Amino acid sequence: GWACWKTYVGRPEADDARPWAMTVLGNGLYAASHFEDALSVREALLSTMRRIGADEDILLDAQSNVASAYADLGQLEKALSMERDIYYGRLKLDGEEHERTLMAANNYATGLRELERFEETKALLLKVMPVARRILGESD
């Protein structure tokens with residue numbers, strides 16, 4: 001992670017290699033359970049991606065990484081807020097039948113459950129499960 005970052009840190013923000021280096025660094029820190037450091041890198045990456053005008057798809061992926069770090073740090077309300085935004089962003093971008101939208105719905109439902117917001121969890125799953133069964137099949 002750090003070696004990759006050091007290699008590309010001097011490049012311009014919009015250079016494709018720099019955000020990838022930040023991603024590798026953030027993911028490495030996260031995998032090593034250094035969640036606070038991973039959060040810092042992931043937030044910086046998200047900010048950079050917004051600044052350079054990255055595609056919405058890339059922004060949603062970056063937001064998902066930030067939300068994961070928030071959740072692992074016990075900041076469940078922040079994580080849930082982001083997961084909700086990601087889900088609705090995926091709905092708008094990809095439609096309800098896209099696998100990425102279904103994954104975002106699952107992450108959102110998990111966040112709701114972790115905060116014991118069971119009625120909202122149930123309502124979301126009742127909406128999404130028939131679509132998931134139709135798209136993914138019963139065994140997936």
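Structure shown above.
Residues numbered from 1 in each chain as written. Predicted model: local features only at pLDDT ≥ 70, side-chain atom pairs only at ≥ 80, totals over all residues. Heavy atoms only, no water.

Student: What's the story with the packing of aromatic side chains in this structure? I'm lost.
Tutor: Within this structure, the stated rule accounts for four aromatic pairs. Taken together, the aromatic side chains of Tyr 87, Tyr 88 and Tyr 108 make up a single cluster linked through ring pairs. Note that Arg 42 overlies the ring of Tyr 30, its terminal NZ or CZ placed 4.3 Å from the centroid. (Phe/Tyr/Trp six-rings, centres within 6.5 Å; stacked < 30°, edge-to-face > 60°. Lys NZ or Arg CZ within 6 Å of the ring centre and 35° of its normal.)

Student: Explanation requested: helix H2 (residues 17–31) in the structure shown.
Tutor: Every α-helix carries 3.6 residues per turn, so stepping three or four residues along brings you back to the same face. Compared with an ideal rise of 1.5 Å per residue, which puts 15 residues at 21 Å, H2 spans 21 Å between its outermost C-alpha atoms and is within 8% of the ideal. Residues of H2 that are buried include every one of Ala 17, Arg 18, Pro 19, Ala 21, Met 22, Thr 23, Leu 25, Gly 26 and Leu 29, and no others. Downstream of H2 by one or two residues, Ser 33 has phi in the positive range, about 65°. (Helix = DSSP H or I, 4+ residues; strand = E, 2+ residues; numbered from the N terminus. Expected span 1.5 Å × (residues − 1). Buried < 20%, exposed > 50% of the residue type's maximum accessible area, 1.4 Å probe, protein only.)

Student: In this structure, what is going on with the packing of helix H4 (residues 56–72) against helix H5 (residues 76–94)? I would like to understand it.
Tutor: Axes are the key here: two packed helices are described by the angle between their axes and the distance separating the axes. For the pair H4 and H5, interaxial distance at closest approach is 8 Å and the crossing angle is 160°. One finds that H4 runs roughly antiparallel with respect to H5. Where H4 crosses over H5, the handedness of that crossing is left-handed. Touching Glu 56, Asp 57, Leu 60, Asp 61, Gln 63, Ser 64, Val 66, Ala 67, Tyr 70 and Ala 71 of H4 are Leu 76, Lys 78, Ala 79, Met 82, Glu 83, Asp 85, Ile 86, Gly 89, Arg 90 and Leu 93, all from H5. (Axes fitted to C-alpha atoms, helices over the stretch in contact; angles between N-to-C directions. Parallel < 35°, antiparallel > 145°, perpendicular 65-115°, else oblique. Left-handed = near helix turned anticlockwise from the far one by under 90°. Contact = heavy atoms within 4.5 Å.)

Student: Even after reading the chapter, I still don't get the environment of Asp 16, so can you show me in this structure?
Tutor: Structurally, Asp 16 can be placed in the loop between helix H1 (2–8) and H2. Residue Asp 16 is classed as exposed on the basis of its relative accessible area of 60%. Sequence separation between Asp 16 and Asn 65 is 49 residues, and the spatial gap between their C-alpha atoms is 18 Å.

Student: I tried to follow the pattern of salt bridges on my own but got confused; where do I start?
Tutor: Where charged atoms from two side chains of opposite charge come close, those side chains can pair. Applying the stated criterion across every chain, the model contains nine salt bridges. A salt bridge links Arg 100 to Asp 57, with the nearest nitrogen and oxygen atoms 3.5 Å apart. A residue pair is termed long-range when its members are at least 10 positions apart, and Arg 100 in helix H6 (residues 99–114) and Asp 57 in helix H4 qualify at 43 residues. Its relative accessible area of 29% is what places Asp 57 among the partly exposed residues. Taking the shortest distance from any N to any O, the salt bridge between Arg 90 and Asp 94 comes out at 2.9 Å. Within this pair, Arg 90 and its partner Asp 94 are both found in helix H5, separated by four residues, close to a single helical turn. A single network of salt bridges, built from pairs that share partners, joins Asp 57, Asp 61, Arg 90, Asp 94 and Arg 100. (Salt bridge = Lys/Arg side-chain N within 4 Å of Asp/Glu carboxyl O.)

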